[in-house]
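Residue-level structural notes
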Protein chains: 2
Amino acid sequence: MAQGITYTNHVGDILDKVLAGIDYNKAFIIADENTARLVVPRLKSTVLAGVPIITIPAGEESKNLETLTYVWTQLSDLGATRNSIVVNVGGGMVTDLGGFAAATFKRGIRFINCPTSLLGAVDASVGGKTGIDFNGLKNEIGAFSMPLHTIVSSCFLDTLPMTEIKAGYAEMLKHALLHSHDLFCQLLKTDFSTSFNTDAFLKTMEQSVAIKLQYVDSDPFETGTRRALNLGHTVAHAFESLALKRGKPIQHGFAVAWGMVAETYLSHKLFGFSSQDLYALAQFVLDNYGAFHITCDDYEALIAFMTHDKKSRDGEINCVLLSQCGAPQFDAAISTDHMKEALDIYRDLMHI
Amino acid sequence: MAQGITYTNHVGDILDKVLAGIDYNKAFIIADENTARLVVPRLKSTVLAGVPIITIPAGEESKNLETLTYVWTQLSDLGATRNSIVVNVGGGMVTDLGGFAAATFKRGIRFINCPTSLLGAVDASVGGKTGIDFNGLKNEIGAFSMPLHTIVSSCFLDTLPMTEIKAGYAEMLKHALLHSHDLFCQLLKTDFSTSFNTDAFLKTMEQSVAIKLQYVDSDPFETGTRRALNLGHTVAHAFESLALKRGKPIQHGFAVAWGMVAETYLSHKLFGFSSQDLYALAQFVLDNYGAFHITCDDYEALIAFMTHDKKSRDGEINCVLLSQCGAPQFDAAISTDHMKEALDIYRDLMHI
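1. Points about the pattern of salt bridges
This structure, assessed with the given rule, holds 28 salt bridges over all chains. Note that Arg-347 of chain B and Asp-344 of chain B form a salt bridge whose closest N and O atoms lie 3.7 Å from each other. Here Arg-347 of chain B pairs with Asp-344 of chain B, and both are found in helix α14 (residues 336-349), just three residues apart, close to one helical turn. We classify Arg-347 of chain B as buried; its relative accessible area is 18%. Through salt bridges that share partners, Glu-60, Lys-63, Asp-96, Lys-138 and Glu-240 of chain A make up one connected network.

2. A look at the interface of chain A and chain B
Listed by partner, the interface residues are 37 residues for chain A and 36 residues for chain B. Across the chain A to chain B interface the summed buried area is about 3400 Å²; carbon plus sulfur atoms make up 49%. At the junction of chain A and chain B, the tally comes to four salt bridges. Ionic pairing is found between Arg-82 of chain B and Glu-222 of chain A, a salt bridge with its closest N-O pair at 2.7 Å. Across the chain A-chain B interface, the total number found is 14 residue pairs in polar contact (both at pLDDT 80 or more). Among the elements that line the side of chain A that touches chain B, the one with the most residues is strand β7 (residues 137-144) of chain A, at seven residues. Tallied by class, residues from the side of chain A that touches chain B come to eleven nonpolar, 14 polar and twelve charged.

3. Some thoughts on the nonpolar core
Residue and element names in this part refer to chain A. Counting residues in each nonpolar core, the largest one holds 81 residues, and the members touching the most others are Tyr-169, Met-205, Phe-239, Trp-258, Tyr-289 and Met-339. The element best represented in this core is helix α11 (residues 252-271), accounting for ten residues. Both domain 1 (4-159) and domain 2 (162-349) contribute no fewer than three residues apiece to this core.

4. Some remarks on helix α13 (residues 299-307) of chain B
All of the buried residues in α13 of chain B are Tyr-299, Ala-301, Leu-302, Ile-303, Phe-305 and Met-306 of chain B. If you follow the buried residues of α13 of chain B, they end up packed against β7 (137-144), α10 (233-245), β9 (317-324) and α14 of chain B.

5. Describing the side chain of Asp-298 of chain B
Residues and elements named next belong to chain B. Within the element layout of this structure, Asp-298 appears in the loop between α12 (275-289) and α13. Given a relative accessible area of 15%, Asp-298 falls into the buried group. Apart from the residues within four sequence positions on either side, Asp-298 is in contact with Leu-242, Arg-246 and His-293.

6. A closer look at the pairing of strand β3 (residues 53-56) of chain A
Residue and element names in this part refer to chain A. Burial along β3 is one-sided: Ile-54 and Ile-56 are buried, while Ile-53 and Thr-55, pointing the other way, are not. Alignment of strand β2 (residues 27-32) against β3, held across four bridges, turns out to be parallel. Looking across to β3, one finds that Ala-31 is bridged to Thr-55.

7. Quick look at the packing of aromatic side chains
All names here are of chain A. Applying the stated criterion to the full structure yields 24 aromatic pairs over all chains. For the pair Tyr-169 and Phe-192, a centre-to-centre distance of 5.2 Å together with 80 degrees between the ring planes defines the contact as edge-to-face. You can see Tyr-169 sitting in helix α7 (residues 162-179) and its partner Phe-192 sitting in the loop between α8 (181-188) and α9 (199-218), a full 23 residues away along the chain. Note on Tyr-169: relative accessible area 2%, which makes it buried.

Conventions and cut-offs
- Every chain's residues receive numbers from 1 upward, in the order its sequence appears when written.
- For naming, the first written chain is A and the first written ligand is 1, with later ones following in the order written.
- Only residues with pLDDT of at least 70 are given local features in this predicted model, and only at 80 or more are side-chain atom pairs given and counted; all residues enter the totals for whole chains, interfaces and linings.
- Working from all heavy atoms in the structure, the side-chain values ignore hydrogens and water.
- Put simply, a salt bridge is a Lys or Arg side-chain nitrogen that is within 4 Å of an Asp or Glu carboxyl oxygen.
- Helix and strand assignments follow DSSP, with helices taken as H or I runs no shorter than four residues and strands as E runs no shorter than two, numbered in order from the N terminus.
- Only protein chains enter the accessibility calculation, which uses a 1.4 Å probe; a residue whose area is less than 20% of its type maximum is buried, one above 50% is exposed, and one in between is partly exposed.
- Note on contacts: a residue pair qualifies if any of its non-hydrogen atoms lie within 4.5 Å across the two residues.
- When two components associate, each loses some accessible surface as probed by a 1.4 Å sphere; the sum of these losses over both components is called the buried area.
- Definition of a polar contact: a pair of N or O atoms within 3.5 Å, with one able to donate and the other able to accept a hydrogen when the atoms are protein atoms, and with sequence-neighbouring residues admitted only if both atoms are side-chain atoms.
- Note on residue categories: nonpolar means Ala, Val, Leu, Ile, Met, Phe, Trp, Tyr, Cys or Pro, charged means Asp, Glu, Lys or Arg, and polar means any other residue, Gly included.
- What is meant by a nonpolar core is a set of buried Ala, Val, Leu, Ile, Met, Phe, Trp, Tyr and Cys residues, joined one to another through side-chain atoms within 4.5 Å.
- For each domain, the first and last residues come from an automatic or database assignment.
- Strand pairing follows a simple DSSP-based rule, namely that at least 2 bridges must link the two strands.
- Any two of the Phe, Tyr and Trp rings considered here, Trp counted by its six-membered ring, make a pair once their centres fall within 6.5 Å; the pair's planes then place it as stacked at under 30 degrees, edge-to-face at over 60, or tilted in between.

Everything listed here is a matter of geometry and, on its own, says nothing about what the molecule does.
Put into structure tokens, the structure is as follows:
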């Protein structure tokens, strides 16, 4: 399951080097409308000049079967073979969908990820999870398929609105919670009014990805310890599904930030996680992410989504919780009453 | 990549034993209209009684995205989780599509194959190739995903028309050609008017599957020696694609029989394969399979399909050929002229 990964702000040079080192017949770029326009010209890859770009609509709502079918058809019509290679240039939506298209085209061709969003760089593009949303459910269809190489950089972050930076930063907070109290406290000090397009921030990103890869390498198919990376995600996915149902999708990273508030409350309640850390996290989230609005009338739907979650076994709600920073607790089965309590506290802490 | 496999005519007992030995929450049967009606009731599995049956249309033409979408939706709506298991009951179309649906549902759930056709039993259901036809091309979309267990039996073969038996038998002939001259000669002696629903024939099937698994185990992702199993398939897939285009699909097994005639001619021409064996094979195929009708006006389309084939590299036509029975020759790049000559000889031998 080894995958290459390079942290650099000289993306084109590294792309050329990686492509020069492998045997392939044709390359294809998959990008969304924004990254095709704003990022692909800035890659400055000599090898990729003139390569066909398969451009898909931007936005999480396009991570669906229709877009996937379009990509499959394009690869087929453009004559991609098993010896071809796909280069995904975009955020998590592009690397998830493009990775899944590659993983299933002619039973699997190689792909390289060039994440352009912070969320993509520190989470979606590494670890081999690919897929699409389906039947109203997030990532309902997909595969584990490792990219041949991922190129992580901070140099495209200036193409993004600040909300996108914040979305990715939530996953970095999650990695910090899984790693150490020191790193968690350090990340809470960030100032979103400064620039993120720096070599210093690339170092912070590298540290964050390294935490993720430690979990991935120990358990690539997520049957054990890798599930720690689902911290915050049981509630986050339910929030996202509810938002989809309302016809107003929310960003995954924001959902994770809000989900972590609910789940660190459960961590406090069930495993003695520090209430001080819970309050610090909640304040940071409220200040920087605002709140996802729910009322108690939404609880039933949210709990239905949670029992439908991939992490659910036998219709139970499962969360990964923490006894303290760096100490995940697996397979906590959450009663409906405890989850409702956590949603109550979430609303309190978010001033809803 | 290890997969369990059992050769038995007590299918229900083995199914119950396999299912009793694993941890899962819900099981789902995927079957086609015919196997749901004719085979599922005969499984006599205690464990599977009352399990939901996801019934799909029969026939290769249903191995498509629409049917796959239906299966995904059913699994999702019926509450399948990552801890659920799928039992595919049917021919190669069901195990290919059902296996791919399982391989991609929530990034992969386990599946068991109960092949009911001879082709399914000796080929499609073992080895981990799953997928659907797409964009007019066979198995254009798919994945390598090993079944948890495959139960090979001869006891459902009496539900099949003789053409289905012959279709599967073509792959057994291929395995024999890849194995030894003795086995090849033995298989040419078969009489299709006798019953195949016997324990003796189950032994012959076991021998055939063992040859296939030897190649699969040595190279699960088909980057090297496993490609031997593509003997006959470059021409076969082109015939199938042409037939699809004509709106009159042909059976894969028949296509393989015809494809082997063309490709053993190339084996003779390029690697000195015995002309006596070529003639013996051609006579057996003509007697039992008839012929797929082509004229020289079809050559261009056929060659275009061959260069579009998954086995093709850089637009060349690639075939696996034989220098003699049991001695595959890999990566033979076939010139357009040689392929046209092979199609001419095929037409001669098939009296077209």
